[in-house]
Amino acid sequence: MKKFIYGLLGFAAISLTSCDYHDPNGDKFGNDPSIGWVQFKSEDISYGTATPGAESTITASVPVVIKSLDIIDLGGNEFENNPVNDGLTVYYTVEDIDGSSSFINIPGSVYIPKGELSANITFTVPATAQISCTQFKVTLTSTSNANVTVGFEDHDIPTHEFLVGAYDLNAMVGTYNALRDGQEQYQCSIVLGEEPNSLIVNNIYGIDPNSQTTIYVSEGGIISFPEYTSNFLFVNGNTSIYVEGFDGLSTCLNGGSVSLNFRLRSTTTVYADNTLELIKQ
């Protein structure tokens with residue numbers, strides 16, 4: 001839901017042709033504390049994968065952002081009302097969900113420089129801690145400007161989850177519970193492939209336990225696929241069906257999980273896109 005300032009902002013002085021428009025956020029977000037607020041940009045989990053044996057600095061992929069009310073003038077025209085930031089410190093707390101985040105250097109605040117509308121929270125994972133999975137939640141609590149609140153309505157995003165784990169291709173080997181398109185349930189297994197950074201997913205579609213689909217995993221847990229003709233799946237009549245992969249992600253969440261996006265296709269026909277969530281047993 002968008003937030004708007006309606007009606008009375010118009011008066012005679014505010015119209016599409018007026019030169020006397022006054023930005024209500026122009027004086028450190030104005031006098032109304034509801035005009036400016038901070039939140040995370042999305043509700044997605046941020047993933048950080050550390051390389052074992054080396055200290056790593058991981059930057060959150062989703063920033064803390066300053067928001068303000070959009071404006072609709074008396075003519076019904078909507079335009080964006082960007083806040084004026086004179087420099088803002090945003091404070092937050094950290095709550096462990098799985099494992100312990102005590103080893104992470106988190107100062108509890110992030111500074112958004114003057115003129116900027118966002119900033120990333122950064123934290124460092126020491127080499128000694130890169131052996132397990134840590135999941136924690138960051139909650140924005142307050143700001144250095146009383147006129148800038150945390151969140152605006154219940155559906156805003158004052159919290160964000162982080163998941164940090166050590167990259168280990170061998171740890172991905174095993175048996176998984178599979179859920180395809182949120183409906184079909186079966187089992188898959190993953191084994192090491194012959195190529196560097198490759199794995200073989202057996203039974204990716206749940207109809208042939210002996211099928212083998214190749215995937216590649218980067219040190220950041222990002223999954224890619226080879227050309228679809230390298231991933232034969234089965235024969236339908238006289239037609240060979242392949243797995244055409246798009247992308248995926250491997251994390252240590254829930255003891256180990258893999259998310260894959262792909263579709264089945266022949267050399268002439270493509271079928272609907274599929275999502276596959278794998279949770280290690």
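Residues numbered from 1 in each chain as written. Predicted model: local features only at pLDDT ≥ 70, side-chain atom pairs only at ≥ 80, totals over all residues. Heavy atoms only, no water.

Pairing is mixed in the open sheet, where 5 strands are placed in the order β3-β14-β12-β8-β9. Two strands lie at the open edges of the sheet, namely β3 (46–50) and β9 (109–112), each paired on one side alone. Sheet twist, expressed as the average angle between the axes of neighbouring strands with direction ignored, equals 30 degrees. Of the pairings in the sheet, the one linking strand β8 (residues 88–98) to β9 comprises 4 bridges and is antiparallel in character. Following the sheet pairing, Val90 is matched in β9 by Val110. (Pairing = 2+ DSSP bridges. Helix = DSSP H or I, 4+ residues; strand = E, 2+ residues; numbered from the N terminus. Axes fitted to C-alpha atoms, helices over the stretch in contact; angles between N-to-C directions.)

Now for the pairing of strand β18 (residues 212–217). Across a regular strand the side chains alternate sides, sitting on one face of the sheet and then on the other. Bridge count between strand β17 (residues 198–202) and β18: 5 bridges; the pairing is antiparallel. Opposite Ile200, over in β18, you have Thr214 as the bridge partner. As defined by bridge partners, β18 adjoins strand β19 (residues 222–224) across 2 bridges and the pair is classed as antiparallel. Across the sheet, the residue bridging to Val217 is Ile223, located in β19. Counting the residues that bridge the hairpin from β18 to β19 gives 4 residues, and of these Gly221 lies at a positive phi of roughly 85 degrees.

By the definition in use, this model includes 4 salt bridges. Arg263 is the salt-bridge partner of Glu244, the closest N and O atoms lying 2.7 Å from each other. Placement of the pair is Glu244 in strand β21 (residues 239–251) and Arg263 in strand β22 (residues 257–265), with a sequence separation of 19 residues. We note a salt bridge from Arg265 to Glu244, for which the minimum N-O separation is 3.4 Å. Separated by 21 residues along the polypeptide, Arg265 in strand β22 and Glu244 in strand β21 bring together distant segments of the chain. The class of Arg265 is buried, set by a relative accessible area of 13%. Exposure remark for Glu244: the relative accessible area of 16% places this residue in the buried category. The structure contains a network of salt bridges with shared partners spanning Glu244, Arg263 and Arg265. (Salt bridge = Lys/Arg side-chain N within 4 Å of Asp/Glu carboxyl O. Buried < 20%, exposed > 50% of the residue type's maximum accessible area, 1.4 Å probe, protein only.)

Here is a general trend for soluble globular proteins: nonpolar side chains tend to be buried in one another's company. Among the nonpolar cores identified, the biggest contains 25 residues, and Ile204, Val258, Leu260, Phe262, Leu276 and Leu278 are the most heavily contacted of them. For this core, the elements supplying multiple residues, two or more each, are β15 (174–180), β16 (184–192), β17, β18, β21, β22 and β23 (270–280). Here the element with the most residues in this core is β22; it accounts for 4 residues. Ala119, Ile121, Ile157 and Val164 belong to the second largest nonpolar core, which has 22 residues in total. (Core = buried A, V, L, I, M, F, W, Y, C linked by side-chain atoms within 4.5 Å.)

Once that is clear, we can look at the packing of aromatic side chains. The full count for this structure, using the stated rule, is 4 aromatic pairs. Aromatic pair Trp37 and Phe152: ring centres 4.8 Å apart, planes at 25 degrees, arrangement stacked. Note that Trp37 is positioned in strand β2 (residues 36–40) and Phe152 in the loop between β13 (148–150) and β14 (159–166), a separation of 115 residues in sequence. Consider the rings of Phe232 and Tyr242, whose centres lie 6.1 Å apart with planes at 80 degrees: the pair is edge-to-face. Taken together, the positions of Phe232 in strand β20 (residues 232–236) and Tyr242 in strand β21 put the pair 10 residues apart, joining distant regions of the chain. (Phe/Tyr/Trp six-rings, centres within 6.5 Å; stacked < 30°, edge-to-face > 60°.)

Another point: the side chain of Asp156. In this fold, Asp156 is placed in the loop between β13 and β14. Accessibility expressed as a relative area gives 7% for Asp156, which makes it buried. At a separation of 2.7 Å, a polar atom in the side chain of Asp156 contacts the main-chain amide nitrogen of Phe152. (Polar contact = N/O pair within 3.5 Å; in protein donor to acceptor, adjacent residues only side chain to side chain.)

It is worth spelling out the confidence of the model for the chain at this point. When the pLDDT values of the chain are averaged, the result is 82; 82% of them are 70 or greater. No element of the chain has a lower mean pLDDT than strand β1 (residues 4–5), which averages 41, and none a higher one than β17, which averages 98. Scored below 50 in pLDDT, residues 1–26 makes 53 contacts in the model with residues more than four places away or belonging to other chains. (pLDDT = per-residue confidence, 0-100. Contact = heavy atoms within 4.5 Å.)

Turning our attention to the environment of Gly165. With respect to the helices and strands, the residue Gly165 is situated in strand β14. By relative accessible area, Gly165 is classed as buried at 9%. Separated by 40 residues in sequence, Gly165 and Val125 have C-alpha atoms that sit 9.6 Å apart.

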